[in-house]
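# Commentary on secondary and tertiary structure
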Amino acid sequence: MYDALTTTYTFPCPTHGETRVRLSRFRRLEELPGAHHPAIFRVEFACGCGSEHPGLVSHDDLDWAPLGLQDDTSFVNLMTSRLESIGAELGELAATRIKAGEWPWSFFCWPEERPRPIFPSAFRLLADDPAGRRVGVAVCCPVCGRVSLNLVSREHLDVPFHNDREIGVVEHLFEEDVQTTVEEFRAELYSSAFDARRLGLE
Ligand SMILES: [Zn+2]
Ligand SMILES: [Zn+2]
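Let us look at the structure shown here. (Residues numbered from 1 in each chain as written. Chains lettered and ligands numbered in written order. Predicted model: local features only at pLDDT ≥ 70, side-chain atom pairs only at ≥ 80, totals over all residues. Heavy atoms only, no water.)

### A few points about the packing of aromatic side chains
What characterises a pair of aromatic rings is the spacing of the ring centres plus the angle enclosed by the ring planes. Enumeration according to the criterion identifies eight aromatic pairs in this entry. Measuring from centroid to centroid gives 4.7 Å for F11 and F45, while their planes differ by 20 degrees, and the two rings are stacked. Remark: F45 occurs in strand β5 (residues 40-46) and F11 occurs in strand β2 (residues 8-13); sequence separation between them is 34 residues. Both residues of the pair, F11 and F45, belong to the buried class. An aromatic cluster is defined as three or more aromatic residues linked by ring pairs; in this entry it consists of Y2, Y9, F11, F26 and F45. Over the face of the ring belonging to F161 we find R97, whose NZ or CZ atom lies 4.3 Å from the ring centre. (Phe/Tyr/Trp six-rings, centres within 6.5 Å; stacked < 30°, edge-to-face > 60°. Helix = DSSP H or I, 4+ residues; strand = E, 2+ residues; numbered from the N terminus. Buried < 20%, exposed > 50% of the residue type's maximum accessible area, 1.4 Å probe, protein only. Lys NZ or Arg CZ within 6 Å of the ring centre and 35° of its normal.)

Structure, rendered in structure tokens:
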């Protein structure tokens, strides 16, 4: 499902059969209702074929697999021609960095006026900004539960532990209601009323 070497997720595509997308190509995420262990998220993603498709991703794949905290990632070691697991090694490295105060993902919570560490399961909506260089992401704060809109680089989302030093934040309090949030999200993203905020979590 998640490939740590290419940092991509594999999803079905009606045109290509299968496609690989990075987190920044996700468009919408919501947790499926009901008791699932682990929780299951329904996502919509922008596919290379030009359409958006739905897909399902488990909470483990969404938040932990990019950190190597599942040990089913394997690769062919060219020196020994053997299939070896890199999961344990990646996971250990991630754990060390988190203990040292580095966070794999972070965002700026506007209602709280402070940066917060997050995981991808906190993403709600994503869209390329009109200039096409950055990505607008609506994040549900794990602490206060409110939604903020940040403008970030693709690497900020796709590469764990790559945190932009400065990101765009829109000064707008989003509604709880999903449909209203979607409309507000689009309107704010196109208004370009972003303020820069520094993301240092120390
Ligand atoms: Zn497709
Ligand atoms: Zn918050």
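### Overview of the coordination of the zinc ion (ligand 1)
Surrounding the zinc ion (ligand 1) are the protein donor atoms C13 (SG), C47 (SG), C49 (SG) and H53 (NE2), at 2.1 to 2.3 Å. Classification of the site at the zinc ion (ligand 1) as tetrahedral follows from its four donor atoms and the range of 102 to 120 degrees in their angles at the metal. Sequence spacing of the donor residues for the zinc ion (ligand 1), all on one chain, is C-x33-C-x1-C-x3-H. In this pair, C13 is assigned in strand β2 and H53 in strand β6 (residues 52-58), connecting sequence segments 40 residues apart. (Donors = N, O, S within 2.8 Å, 3.2 Å for Na, K, Ca; no water. Tetrahedral: all angles 85-135°; square planar, octahedral: opposite > 155°, others 65-115°.)

### So, the coordination of the zinc ion (ligand 2)
Around the zinc ion (ligand 2), the protein supplies C109 (SG), E112 (OE), C141 (SG) and C144 (SG) as donor atoms, at distances of 2.0 to 2.3 Å. Classification of the site at the zinc ion (ligand 2) rests on its four donor atoms, whose angles at the metal span 102 to 121 degrees, yielding the label tetrahedral. Read in sequence order, the donor residues for the zinc ion (ligand 2) give the motif C-x2-E-x28-C-x2-C.

### Some details on the sheet that holds strand β1 (residues 2-3)
Strand pairing within a sheet occurs via backbone hydrogen bonds; the two strands may be parallel or antiparallel. Taken in spatial order, the three strands line up as β1-β2-β3 in an open sheet, and their pairing is antiparallel. This sheet does not close on itself; its edge strands, each paired only once, are β1 and β3 (17-21). The sheet contact formed by β1 and β2 spans two bridges and is antiparallel. Counterpart to Y2 in the pairing with β2 is Y9. (Pairing = 2+ DSSP bridges.)

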